[in-house]
Amino acid sequence: MMERIRVPDELRGDLQHAVICTFGANLEFFERDIWRHMTSVNNCVVLADDRQLAEAWGNPEGVDARHVNISYVVAPIRNPWAAHAKLILLTGPTRGRLLVGSGNLSMEGYASQGELFCKYEVSPEDVSALGAFHAVKEFLEGLISRGYIDQIAARHVEQAWADSPWIYSAADGPRQVRHNLDMPFIEQLAEEVGDGPVHELIVSAPFFDEAAGALRQLVDRLNPARLLVLVQPNETSVAPHALAEVLKDHGAAHVRSVEAERQGTYLHAKFILAHLEGRSVCLAGSPNLSTVALSRSDPAGNLELANLHSGDPSSFSHILDALEIGEGDVDIGQAGLKFEPSPPRIAPPASVLLAVLVGDILTVEMSAQPPADATPVLLVAGSEFPDAELLEMDGVGLRFRLDAAMLRGAVPIAIQLRAGDDFVETPNVYPYHEESLRRLLAGKRNPEILRRTSDLDLQDDEIEQLLEELDQVLLANVESVWRVAGKDPRSGGPEEGGETGANLRWDELDWENLRRHPRLAQYASARTSESYLDPTDLQVILTSIAQHFRREETPSPGKTHVLLDDLEEDLTAGTEPQTEEEREEQEKADERRRLSIETRNRMALRRFATRCIQGLSDEAFLDRVGPAVAVTNAIILNHLLALLVRRGWLDLESAVAFQIDLWRFLWGTESHEGYLASLDQEERDIELAQIREHAADVMTVAGLLWAAIGSEELSIESRRGLRDTTRALLVIPELALTSSLLDAAVAEIEPELPPHVEPRDALRALAEETSEYERLGALAEAAGAGASAHLEHAVVMRGGRQEGVEFVALDGTSDFGQDVARRVFEEWLMIEPNRIYYRIDHPTSRSVAVFDRALNECWWAQKGGGDVADLSAVTPATRPWREVLDTVLPTERQQARSA
Amino acid sequence: VNTVQWTEALYRPSGGQDHLGLGSVSSDRILPLLAPGINVLTPHPRYWSFYTFLLDEFWSRDLPRTRKALSDFYLPRECIFSIGAQLCDRPEHSSSGAYGQVIGSQKTAPLVAHDLAEYDPHFAYIGNDLGGYGYYYAAAIASMGLISPAIPAAGLPVDAPTPEGKIVAQAFRDAISDTTYYREYFNDDTRLVPVEVVRDYIRLACLCQLRIDQAPDRSLLHDVYLHGGDLDAAEARRETLRMMVDLAVQTDGHPLTEDRFRRLVYFRADGEGAVFQPSPATVATARRWRLLQAREYFSYAALRLWRHVCLWGSGETDGGRFGVPMGVLWSHVDACLDSSSLADVLHVDTPRFTGDTRISELLQWLDHLATDDLDDPWQIDGVINEHALYRVGTAAPERDAVVPAMLFILLLLSARLGSPALAARFEKDWDLVRFGGVRRLGLDRFLRHVRRRSMAGATLRDMARWIMQDYVLRQHDRVGASKLRDGDTFRFRQVGDRLRFMRFDAPAGMNDSRFNALGWSVVDLGLVESIFGESHGLTPVGRALLEAGDLDERGVTGAR
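Residues numbered from 1 in each chain as written. Chains lettered and ligands numbered in written order. Predicted model: local features only at pLDDT ≥ 70, side-chain atom pairs only at ≥ 80, totals over all residues. Heavy atoms only, no water.

A separate point is the overall build of chain A. Helix and strand counts for chain A come out as 30 helices and 29 strands. Taken over 899 residues, chain A has a buried fraction of 56%. Residue pairs at least 24 apart in sequence account for 73% of intrachain contacts in chain A once pairs closer than 6 positions are excluded. Summing over all exposed atoms, chain A offers an accessible surface of approximately 37800 Å²; the carbon and sulfur share of this is 49%. (Helix = DSSP H or I, 4+ residues; strand = E, 2+ residues; numbered from the N terminus. Buried < 20%, exposed > 50% of the residue type's maximum accessible area, 1.4 Å probe, protein only. Contact = heavy atoms within 4.5 Å. Areas by Shrake-Rupley, 256 points an atom, 1.4 Å probe, with all protein chains shown as cover.)

Averaged over every residue, the pLDDT of chain B is 93; the share at 70 or more is 99%. We note a pTM of 0.74 for the whole complex and an ipTM of 0.80 for its interfaces. (pLDDT = per-residue confidence, 0-100.)

All names here are of chain A. Residue placement: T726 occurs in helix α24 (residues 716-731). The class of T726 is buried, set by a relative accessible area of 0%. Once the C-alpha coordinates of T726 and W881 are considered, the two residues, 155 residues apart in sequence, prove to be 8.8 Å apart. With near-sequence residues (within four places) excluded, T726 lies in contact with L704, L763, L766 and A767.

It is worth spelling out the sheet that holds strand β17 (residues 375-380) of chain A at this point. Residue and element names in this part refer to chain A. Taking strand neighbours across the sheet as the criterion, the four strands line up as β18-β17-β21-β22 in an open arrangement whose pairing is antiparallel. Edge positions in the sheet fall to β18 (383-384) and β22 (422-425), since each has one partner strand and no second. Taken together, the two bridges between β17 and β18 define a ladder with antiparallel strand orientation. Among the inter-strand pairings, L379 is bridged to a residue of β18, identified as E384. (Pairing = 2+ DSSP bridges.)

Moving on, we get to the packing of aromatic side chains. Each aromatic ring pair is summarised here by two numbers: the centre-to-centre distance and the angle between the ring planes. All names here are of chain B. The full count for this structure, using the stated rule, is 52 aromatic pairs over all chains. Taken together, a centroid distance of 5.1 Å and an interplanar angle of 50 degrees make the contact between W48 and Y225 tilted. In this pair, W48 sits in helix α2 (residues 46-60) while Y225 sits in helix α9 (residues 218-227), placing the two residues 177 residues apart along the sequence. A residue is classified by how much of its surface remains accessible, and W48, at 0% relative accessible area, is buried. A centroid spacing of 5.8 Å and a plane angle of 65 degrees characterise the contact between F50 and F172, whose relative ring orientation is edge-to-face. Of this pair, F50 sits in helix α2 while F172 sits in helix α6 (residues 163-176), placing them 122 residues apart in sequence. (Phe/Tyr/Trp six-rings, centres within 6.5 Å; stacked < 30°, edge-to-face > 60°.)

On the chain A side, the residues contacting the 69 residues of chain B number 83 residues. Between chain B and chain A, roughly 6900 Å² of surface is buried when both sides are summed, and carbon and sulfur atoms account for 49% of that area. On inspection of chain B and its partner chain A, the count reaches five salt bridges. Elements supplying a minimum of two residues to the side of chain B that touches chain A: β1 (4-6), α1 (23-34), α4 (105-112), α5 (131-143), α21 (460-482), β7 (492-495) and β8 (498-501) of chain B. (Buried area = accessible area lost by both parts, 1.4 Å probe. Salt bridge = Lys/Arg side-chain N within 4 Å of Asp/Glu carboxyl O.)

As a further point, take the pattern of salt bridges. All names here are of chain A. Counted according to the given criterion, the structure contains 86 salt bridges over all chains. For the salt bridge of R97 with E121, the shortest nitrogen-to-oxygen distance reads 2.8 Å. Taken together, the residues span a long stretch of sequence, with R97 in strand β5 (residues 96-101) and E121 in strand β6 (residues 116-122) at a distance of 24 residues. Its relative accessible area of 36% is what places E121 among the partly exposed residues. We note a salt bridge from R719 to E712, for which the minimum N-O separation is 3.9 Å.

Residues and elements named next belong to chain A. Of the pairings in the sheet, the one linking strand β27 (residues 847-852) to strand β28 (residues 857-862) comprises six bridges and is antiparallel in character. Among the inter-strand pairings, V850 is bridged to a residue of β28, identified as W859. The pairing of β28 with strand β29 (residues 868-870) spans three bridges and is classified as antiparallel. Considered in β29, the bridge of W859 is made with D870. Taking the residues between adjacent antiparallel strands as the criterion, β28 and β29 are bridged by five residues, where G864 takes a positive phi near 75 degrees.

By size, the foremost hydrophobic cluster in this structure holds 188 residues, and its most contacted members are W48, W289, L407, L417, F446 and I531 of chain B. Here this core gets 16 residues from one element, more than from any other, and that element is helix α12 (residues 283-316) of chain B. With sequence-adjacent residues up to four places away left out, W289 of chain B is seen in contact with L31, L34, A35, T240, M243, F261, V265, S513, R514 and L518 of chain B. Core analysis: the second largest hydrophobic core is formed by 92 residues, L605, V656, L742 and L753 of chain A among them. (Core = buried A, V, L, I, M, F, W, Y, C linked by side-chain atoms within 4.5 Å.)

With that settled, the discussion passes to the sheet that holds β8 of chain B. All names here are of chain B. Sheet architecture is open: three strands sit in the order β6-β8-β7, paired in antiparallel fashion. The open sheet has two edge strands, β6 (324-325) and β7, and neither has a second partner. In terms of strand pairing, β7 meets β8 through four bridges, oriented antiparallel. Pairing of Q494 across the sheet is with L499, part of β8. Lying on the sheet, α21 is in contact with β7 and β8; it crosses β7 at an angle near 95 degrees. (Axes fitted to C-alpha atoms, helices over the stretch in contact; angles between N-to-C directions.)

Residues and elements named next belong to chain B. A rise of 1.5 Å per residue sets the reference length of α6, with its 14 residues, at 20 Å; its end C-alpha atoms lie 20 Å apart and thus fit the reference within 8%. Listed as buried for α6 are E164, G165, V168, A169, A171, F172, R173, A175 and I176. Tucked inside the fold, the buried residues of α6 contact α2, α3 (67-87), β4 (160-161), α7 (180-185), α8 (195-205) and α9. (Expected span 1.5 Å × (residues − 1).)

Attention now moves to the pairing of strand β20 (residues 397-401) of chain A. All names here are of chain A. Burial of β20 is one-sided: the residues L398 and F400 facing one way are buried, the residues G397, R399 and R401 facing the other way are not. In this sheet, β20 lies alongside strand β16 (residues 361-366) in antiparallel orientation, the contact comprising five bridges. Among the inter-strand pairings, T363 is bridged to a residue of β20, identified as R399. Linkage of strand β19 (residues 389-394) to β20, two consecutive antiparallel strands, is achieved through a turn of two residues, within which G395 is found at a positive phi near 60 degrees.

As a further point, take unusual backbone geometry. Looking along the chain, the bond that leaves D298 of chain A and enters P299 of chain A is cis, with omega of 5 degrees. Take P299 of chain A: it is sitting in the loop between α9 (291-295) and β13 (305-311). The omega torsion of the bond from A396 of chain B to P397 of chain B falls at -5 degrees, within 30 degrees of zero and hence cis. Of note in the backbone geometry, R268 of chain B takes a positive phi value of approximately 75 degrees without being a glycine. Assignment of secondary structure puts R268 of chain B in the loop between α11 (258-267) and α12. With relative accessibility at 2%, the residue R268 of chain B sits in the buried group.

Glancing now at helix α22 (residues 515-524) of chain B. In an α-helix, one turn spans 3.6 residues, which is why side chains three or four residues apart end up on the same side. The buried fraction of α22 of chain B is high, at nine of ten residues. Of the surrounding elements, those touching the buried residues of α22 of chain B are α9, α10 (231-250), α11 and α12 of chain B.

What the rule picks out here adds up to zero disulfides over all chains. Sulfur of C282 of chain A: no disulfide; nearest cysteine sulfur belongs to C118 of chain A and is 9.2 Å away. (Disulfide = S-S within 2.5 Å.)

Turning our eyes to something else, we now look at the packing of helix α20 (residues 652-666) of chain A against α24 of chain A. Residue and element names in this part refer to chain A. Close contact between α20 and α24 brings their axes to 10 Å; oriented N to C, the two are set at 35 degrees. Between α20 and α24 lies a crossing whose hand is left-handed. Within the contact between the two elements, α20 uses E653, V656, I660 and W663 and α24 uses S718, G721, L722, T725 and L729. Partitioning the contact of α20 with α24 into residue classes produces five nonpolar, three polar and one charged. (Left-handed = near helix turned anticlockwise from the far one by under 90°. Nonpolar A, V, L, I, M, F, W, Y, C, P; charged D, E, K, R; others polar.)

A few words on the packing of helix α5 (residues 151-162) of chain A against helix α11 (residues 434-441) of chain A. The angle between the axes and the distance between the axes are what describe a pair of packed helices. Residues and elements named next belong to chain A. Contact pair α5 / α11: the axes reach a minimum separation of 11 Å and the direction vectors enclose 10 degrees. For the element pair α5 / α11, the angle class is roughly parallel. Contact residues: α5 offers I152, R155, H156 and Q159, while α11 offers E434, L437, R438 and L441. Along the lines of polarity and charge, the residues of the contact of α5 with α11 split into three nonpolar, two polar and three charged. (Parallel < 35°, antiparallel > 145°, perpendicular 65-115°, else oblique.)

Structure, rendered in structure tokens:
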């Protein structure tokens, strides 16, 4: 048996444009379960029958879809009859995929057993199916040229063709996909069948016309020797008496019941199968067995699309094999068959043909000029929109100024025309958010999401999406540059710069042109606010980051705002479990979902951060792209990492690893000059201004504080690395850590701080932390070259009593005089300021030195009755980072001292 | 080869619950405001002591601070506690009715029925690595400030008792420290525990033993329940406990059940003799509980109509073998709008109506039941009321009268709560009525829409279509679609102009009222002697709470 097609799975792949034609569109299903499969698609257009859309959107609050006409286009097809064609077209620069069939954009249409689809693919290796794509292009262009779809939708469809140059090649072979813009299907089928006798004609469709006229015409035209009509009992919409008439007139006709494998499946597929001498012909797609579908062409009938295939006699047997066909003829009168008329197509008294939102201006095109005495009122989600100002009313055109921030997310609008106590209300439409849609055409999948980079106000399953968008926007590393240059970094093989990007050849790049590329040029334009053009994506991100730190109190929400909040409520949250079993079940389901999202997010985060860090570590890349790109990328990555780890989307261990690399690059370390320091003065000032404007300094310290708080959880290596970075950052002049910077960083993380956690203390503890090995090493170093130190325990006389103590024994140096002892004490006091008893033994010289805080004595002596010297005024050594730490984070003792 | 293929069915049919997505409005939005920390599955205050004690013991040992180590430590000890609770022979264990909701009892009760001589602490009594604590109690205990949940990023790898928690933990330890179990077995979970050792331990440790005056942790838990955690939450909890005590006193002589509790908080009488007239001190809290119950009747009406559609559709389509034209459903709904069918099952005076009756007329007829005050008693005896209509929904077999009965619940709610003046007057409490918004069917939104439709002359038929379309069909579709990733939980779907049904159970009921959880809380805390039986004797401490509104117990929160 032939495998069934899994339609959602066919939407995957590296294809950037999608056009879906459907009769009805279940957009909730699309957003939740279809769109996520189309991971590479950034320009998606859904074209649906206008009346079906109006009905679906008829509820005042519209549909539960958040991205309509923001992240993809949904447009009505306004032909005189039903727009009934069903297709899914996916295209990219070198390949395309096309599905033509019977299923609408709904769970039943794409994910039940009751539909038929045919898949066509074109690739550089195989263009044999190109004719099918040509037919679809012709069909879509027909919709545009006949004015059935608006200009915004048309623009997005045309973009798909513009970015798919292969479509312009000539096609060979038969046209396997047909439309009825010019010729009725019955004519096309008859033409394909030709003059030869038809031995058998098998037809199946869920809808017939009332008089079964299309079936009669079909039979008259093809004159089959045998006719088999398949009907689904209690389902097929057909008038029994009309069907009986056709059958009676034919003479050798049979009606059989048909069911799908899975009980209860509605067979929505439509097919006509003609068995001829030595071959078969099959028409399968959107047309039902109705006159408007089969016997007429546009504009006298529906818009339909179908596969018309010819093959050997058994080519289509799998269609019938998958069905359970009754063995005997059905008693038409007893099979629950009934003609269900379609609802009449009544045009509303007024409707909105086009609504476009640009900035805070909403432009509306009405179907007819409103009456002179009518006042147009803007409704949003069924309620009058507060403070919408009608700027202009010119013929069918209306222009409103409104607070566009309140229209965040997709919400339906309608126009109420008020005249005295009477009013007329248009059906709902979803306005096109023009700026977002334009960004889609520039390659963005979810343009709105970029605005949320600043506060990561995202749902779990949006993180991956955000990272994909950022990946598109940022020129993160050398691979991104290659892509901008239109070259595939993988094409050269590993030795020429394969997937790692390590060996890419710079000589091949045309830098003059590249610098003018929007993706590179945006780094320059992102820093100016003079542009009258739409903000670039980078500007969107940077502005949102800057605003994150300048948040003012938000105004109190209006009525519509509250309604919109309601609309955003997540319905996936279920009810509280009432029993242990329910709780366990819920736990498992939540865990499965969480793990799946978490894993995807974690992987995406690591990929993204790795690419950015890779770019920032690549000197050749940095030389070419310059400080604007490098510092901007660092600002964004720094901001993201700090937030991601705080929100729990990235584990601390990974985040710290990335942050250490990033800070090392940007600020530098004790032994490595940071990028900022490497710039000349003028460049450095410019970049530092960017850093301050976007508070990358605050976010660095905030990230440091957060990492310090959780540093107990880190591996030893990460913890040491973090500590060393902390010490370095404390003294980096470009960062210039001050109390006020520290306060700002604490304020940034404060809302997420757990109770009883003091980030300043954590930072100090981390910076001062030393291991025993490090402490002994430092003491040995203070003792002089070649010295080593280890710990020992002994019983000594202390304050007149014997006492067990721990002391440091020095080896490997011959000298341990008073000066050396003083140096070692100074180091030790700095490293362990809170110790009470310090003792150093030098077995080689039989010398000993003691600093006893409790007894307030400090001396050096030679054992065996030798010299004893008082080592007065030993003060702790210091380090630059300690000095900064003591300034910005004075200990209580220091505070008391300074007081 | 390009060939036409059949499509594949991709979504696994799945049971699911809350098919209209309404349950969480009560459980996640309203109840956390009324009884924060007291959930359906957290009825026993002594678990606050026991779990905090276990955490404290864990932290007092030199063990790795990992969830695995905590689990290894925790499970055997809760297992013995669960087994013990089945063995408890203290009089308090049965004096207030069967002791329910002991964690793990589904597994430990059958085990104990075998009369074993020894018990294995590693018996698999629950499916969660942190047992009842992980499943139910952790969040509630944390919300009252006794534990801090793990925050690895902040250096807290596993949950730990707060300083306040340690006080409670120590009190529990004091209660059981002399038991053989604690002295000889608690530290070593590899040993089987003799039944007498378990029994001896549970006689002091059991959930029911919080009630006795000598329980060292009782006054501490009074403090925790009345003052712990967020101040607003503590106040709400305090007021609800006070109301429960008030309710217990006033209904002395009447055994209370969840069903009676609902009637008492909504109508202020149960129609069987018990009356609840909140005192001036508890009336504000009682008002909010009444609004919660209004929401429950509202949700039930929608859910019950959904169930009716499921049952009707399944019957019409031979268990979902084929679709039904929407017109057939509408014909059925119209046919149900018959006053005689409702009168037959209600046995009280009902208005005469057909599908053509205007809802404004029906609202006018019902107006005599409405008052302009949310604190008045509402008549339950001898008149059409929400609870009587609710019972039409709970009766079997399925009747067509369910449709008008549920519509009348909605109309009654509109008559009682639909006045804008009432909403304005009780604005402070109206948040509870607004919850749900669009996607979870807010009651306030419904009231506004009814008013609008009533003014526009809508008939009962119009209302039935509207409710069925927006509150049942569309809402079910919305919720089913939102859950598709976890499976196909649809019971029916509108495909084109047809409804297609799936053969699955379609349960409809109200959410848990919290009566059991609150009832056990006031009993276990020693505020009332019982609430489930007839006698609801008030303890001195319960009386003090009722009269003063608080208890001067600050053993935990005062130590901050």
